[in-house]
Amino acid sequence: MSVTPFKLPVVPHIRRQAYISLYEKGLRADGRGIHEPRSIDVKTGVLEKAEGSAHVSLGSTQVLVGVKIEVAQPFRDAPDQGVLVVHAENVPLASPIFEPGPPDENAIELARVVDRSLREVKAVDLESLVIRVGEKVWNLWIDIYVLDHDGNLFDASMLATMAALATTKIPDYEETEVGEILVRREGASKPLKINHKVVTVTIAKIADFLIVDPTFEEEVIADYRLVLSFDENLRIVGAQKTGEGGMKVEELKEAIRIGKNTALTYFKILNQKLAQGV
């Protein structure tokens, strides 16, 4: 588990106390229960030029993911595997806290969590992306764009990434006599091979309460934020703690229990949307 600094605007103490008063009644400001995620909408195939794409709305939070595939050289220490690269960008219009320029530490953290969650469990079959061992492989670019930030970018981004990957098609190609790879993006193509599906579940600790799918304001008043990554077998394949608040062993156990229940909800929605082909 890694720990990343967490910088957000200061919220008045009275706002925090108002939220805690609601939690004591088992309620949230938006009417949810404390362990209840917001409504989720998943759309795939939203970018015509990408090999795979998805748009996810998690409450008011919106994330767009595109997958592009290009021919590249493999890494020297992995000549029999394709290349996977995750990039995240917080679009300035998505939130007053986002600024133009290169990715900040929050965007880097978001990309790192998604990347690590995929790699740890070998979610994508990188060996199936080899064209010629040691020479030519497919390079898989995953670009995450935060379009509207109302908290919990991790869960929305992971859902969008998984939906985009699950619908990604590998282009056809032909090899010339001199070994050049000619990619044909129009016409037939084969699905990207997925070994495991992955979702993340974000839990915020506020006073004595563990809150699922925190909004932006709840993230601001949180003592810490814990992101747990699960595969479809509910194995933990990643964890990221953000914030300076301490965590007790009992809290971690409870967070895992809550996380598994929420992961089941996420997988159900994801699988339903993929089955519908929307």
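A quick note: this is a predicted structure, and the numbers were derived from the prediction, not measured. In this convention, every chain numbers its residues from 1, walking through the sequence in written order. Local features in a predicted model are, by the rule used here, given only for residues with pLDDT of at least 70; side-chain atom pairs are given and counted only at 80 or more, and totals for whole chains, interfaces and linings are based on all residues. To get the side-chain values, all heavy atoms of the structure are used, and hydrogens and water are removed first.

**Here's the deal with the packing of helix α3 (residues 153–166) against helix α5 (residues 249–276)**
Right, so step 1: Only the stretch in contact is used when a helix axis is fitted, and all axes are lines through C-alpha atoms; the angle between N-to-C directions ranges over 0 to 180 degrees. The secondary structure listing takes helices from DSSP runs of H or I that are at least 4 residues long and strands from runs of E that are at least 2 residues long, numbered from the N terminus. Contact geometry of α3 with α5 gives a least axis separation of 11 Å together with a crossing angle of 35 degrees. At the point where α3 passes α5, the crossing takes the right-handed sense. Between α3, through Asp155, Leu159, Met162, Ala163 and Ala166, and α5, the contact on the second element is made entirely by Tyr266, Leu270 and Leu274.
Right, so step 2: Here the term charged refers only to Asp, Glu, Lys and Arg, the term nonpolar to Ala, Val, Leu, Ile, Met, Phe, Trp, Tyr, Cys and Pro, and the term polar to all other amino acids, Gly among them. When the residues that make up the contact of α3 with α5 are grouped by side-chain class, the tally is seven nonpolar, no polar and one charged. Crossing handedness is read from the near helix: turned anticlockwise from the far helix by less than a right angle, it gives a left-handed crossing, and turned clockwise, a right-handed one. Note on definitions: a residue-residue contact is assigned when non-hydrogen atoms from the two residues lie within 4.5 Å.

**A few points about the confidence of the model for the chain**
Right, so step 1: Averaged over all residues, the pLDDT of the chain equals 91, while 95% of them reach at least 70.
Right, so step 2: Within the chain, the lowest mean pLDDT, 46, falls on strand β1 (residues 2–4), and the highest, 98, falls on α3. A score between 0 and 100, pLDDT records how confident the predictor is in each residue.

**Some thoughts on the nonpolar core**
Right, so step 1: Leu118, Leu140, Ile142, Ile144 and Leu165 are the most contacted members of the largest nonpolar core, which has 63 residues in total.
Right, so step 2: Looking at which element gives the most residues to this core, the answer is α3, with ten residues.
Right, so step 3: Among the nonpolar cores identified, the runner-up in size contains eleven residues, and Ile20, Tyr23, Ala204 and Ile206 belong to it. Residue types Ala, Val, Leu, Ile, Met, Phe, Trp, Tyr and Cys, when buried and joined through side-chain atoms within 4.5 Å, form a set referred to as a nonpolar core. Buried means the residue's accessible area, taken with a 1.4 Å probe over protein chains only, is under 20% of the maximum for its type, while exposed means over 50%, and partly exposed covers the values in between.

**Focus: helix α1 (residues 13–23)**
Right, so step 1: Along α1, the positions that sit buried rather than exposed are Arg16, Tyr19, Ile20 and Tyr23. In a view along the axis of α1, the buried residues occupy a sector of 100 degrees, so they form one face of it.
Right, so step 2: Elements in contact with the buried residues of α1: β10 (198–206), β11 (209–212) and α4 (216–221). What the arc covers is the set of directions going from the helix axis to the C-beta atoms.

**Considering the packing of aromatic side chains**
Right, so step 1: Working definition: rings of Phe, Tyr and Trp (its six-membered ring) pair if their centres are within 6.5 Å, and the pair is stacked with planes under 30 degrees apart, edge-to-face with planes over 60 apart, and tilted otherwise. In total, this model carries three aromatic pairs according to the counting rule given.
Right, so step 2: Arranged with centres 5.9 Å apart and planes meeting at 75 degrees, the rings of tryptophan 138 and tyrosine 173 form a pair that is edge-to-face. Linking tryptophan 138 in strand β7 (residues 136–148) with tyrosine 173 in strand β8 (residues 169–175), this pair joins segments that are 35 residues apart in sequence.
Right, so step 3: Given the relative accessible area of 3%, tryptophan 138 is considered buried.
Right, so step 4: Taken together, Tyr19, Tyr23 and Phe209 form an aromatic cluster joined through their ring pairs.

**Describing the side chain of histidine 55**
Right, so step 1: In this structure, histidine 55 sits in strand β3 (residues 52–58).
Right, so step 2: By relative accessible area, which is 15% here, histidine 55 ends up buried.
Right, so step 3: For this analysis, a polar contact is any N or O atom pair within 3.5 Å, provided that within protein one partner can donate a hydrogen and the other can accept it, and provided that sequence-adjacent residues contribute only side-chain to side-chain pairs. In terms of polar contacts, histidine 55 uses its side chain to reach the side chain of glutamine 62, at 2.9 Å.
Right, so step 4: When sequence neighbours within four positions are dropped, the list of residues in contact with histidine 55 reads Asp41, Val42, Lys43, Val46, Gln62, Val63, Leu64 and Leu147.

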